[in-house]
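# Summary of the model geometry
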Amino acid sequence: MFSLFRKSSGGLLAASGIDMSMPLDSAPYVVMDTELTGLDFRKDSIVSVGALRMTGTRIELGRSFYEVVRPSTELTSKSIVIHEITHSETEQKPGIEGIMESFLRFCEGAVIVGHFISLDLRFLAKEMKRIGYGSLKNPAVDTCVLHEWMSQNRGDLSSKYFNDAESKDLFALAKKFQVPVHGAHNALMDAYVTAQLFQRFINMLITLGVRTLRDLLRIGKP
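Residues numbered from 1 in each chain as written. Predicted model: local features only at pLDDT ≥ 70, side-chain atom pairs only at ≥ 80, totals over all residues. Heavy atoms only, no water.

## Considering the packing of helix H5 (residues 143–152) against helix H8 (residues 213–220)
Heads up, the condition is: Here an angle of 0 to 180 degrees is reported between the N-to-C directions of two axes, which are lines fitted to C-alpha atoms, with helices fitted over the stretch in contact. Here a helix means four or more residues in a row that DSSP labels H or I, a strand means two or more in a row labelled E, and each is numbered from the N terminus. Throughout, the term roughly parallel applies to angles under 35 degrees, roughly antiparallel to angles over 145, roughly perpendicular to angles from 65 to 115, and oblique to all others. For this analysis, residues touch if any pair of their heavy atoms sits within 4.5 Å. Three categories are distinguished: nonpolar for Ala, Val, Leu, Ile, Met, Phe, Trp, Tyr, Cys and Pro, charged for Asp, Glu, Lys and Arg, and polar for the others, with Gly belonging to the last.
Viewed as axis vectors pointing N to C, H5 and H8 meet at an angle of 90°, and their least axial separation amounts to 8 Å. The orientation of H5 relative to H8 falls into the category roughly perpendicular. For the pair formed by H5 and H8, the contact residues are Val-145, Leu-146 and Trp-149 on the first element and Leu-216, Ile-219 and Gly-220 on the second. Classifying every residue of the contact of H5 with H8 by side-chain character gives five nonpolar, one polar and no charged.

Put into structure tokens, the structure is as follows:
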């Protein structure tokens, strides 16, 4: 057992054990994405959070999380063009502190998965520290890192999936792995695209000898 998260004020403490010997195809995951006011974590902030639970390769569509929040920094015209969340949509929403506890509870007991997940985790860590929740202890894996590892260790997998010259952004990989994309740059929809990509990766990783969560974290840490 280990501490998943701890709120330094108010006494909130949740603990969850993740068995690192668990097989990939039965392990619990939360696939997540955020939309932001910009990419500079020092001056930008979170606008929305979307996430889905997975058990092994099964995407649990009935267990999703999506919240738009009032960002702590100004929305920019550039970011609005990307995620299409406007001032009028956020002004009546809670700040990130209003949804943080429910999001952390949603993540309990699961490995967090995302594409370029370091960026999301960095913004999340900043807000958790500011609010007083300490740090997120969930292990995390990055689907881009997993793709790079498979590119270098692909064995008998088709080379059509692993061209180093191609873009590694989420939608380029989604197209390559025939994952349909609808509503791009909506946090929940992007999490769903990532979940479908990860679903395909789990089956490929097993054929390459990656069998347990311990193996997965060894090759897929952001």
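## Here's the deal with the layout of surface pockets
Put simply, the rule reads: As defined here, a cavity is a set of points on a 1 Å grid over the protein atoms alone where a 1.4 Å probe fits but cannot get out. A pocket is an open set with protein on both sides within 12 Å along at least five of seven lines, and residues line them when an atom is within 4 Å of a point. Grid points are joined across faces, edges and corners, and a volume is the space filled by probe spheres set on the points.
There is about 570 Å³ of room inside the largest pocket. Lining the largest pocket are 23 residues, and of these Thr-34, Glu-35, Leu-39, Leu-119 and His-185 sit closest to its centre. Of all the secondary structure elements, the ones that give two or more residues to the lining of the largest pocket are strand S3 (28–36), helix H1 (77–83), helix H4 (117–131), helix H6 (170–176) and helix H7 (187–207). Among the elements that make up the lining of the largest pocket, the one with the highest residue count is S3 (five residues). Class assignment of the residues belonging to the lining of the largest pocket gives a composition of eight nonpolar, nine polar and six charged.

## Structural notes on unusual backbone geometry
Stated formally: We call a residue buried when its accessible area falls under 20% of the maximum for its residue type, exposed when it is over 50%, and partly exposed in between, using a 1.4 Å probe and counting protein chains only.
With phi around 50°, Phe-116 is a residue other than glycine that occupies positive phi space. Mapped onto the elements, Phe-116 comes out in the loop between strand S6 (111–114) and H4. Residues other than glycine seldom take positive phi values, yet Gln-178 does so here, at roughly 55°. Position of Gln-178 relative to the elements: it lies in the loop between H6 and H7. A relative accessible area of 63% places Gln-178 in the exposed class.

## Considerations on the pattern of salt bridges
Note the threshold: Should a side-chain nitrogen of Lys or Arg be within 4 Å of a carboxyl oxygen of Asp or Glu, the pair is scored as a salt bridge.
Inspection of the entire model under this criterion finds seven salt bridges. In this structure, Glu-97 and Arg-130 form a salt bridge, with 3.4 Å as the shortest nitrogen-oxygen distance. With a gap of 33 residues between them, Glu-97 in the loop between helix H2 (87–90) and helix H3 (100–106) and Arg-130 in helix H4 connect regions that are remote in the sequence. Residue classification places Glu-97 among the partly exposed positions, given a relative accessible area of 41%. Judged by relative accessible area, Arg-130 falls into the partly exposed class, the value being 48%. Salt-bridge contacts for Arg-130 lead to Glu-127; the nearest nitrogen and oxygen are separated by 2.8 Å. In this pair, Arg-130 and Glu-127 both sit in helix H4, three residues apart, roughly one turn of the helix. For Glu-127, a relative accessible area of 3% corresponds to the buried category. Each of the salt bridges in this network shares a partner with another, and the network as a whole consists of Glu-97, Glu-127 and Arg-130.

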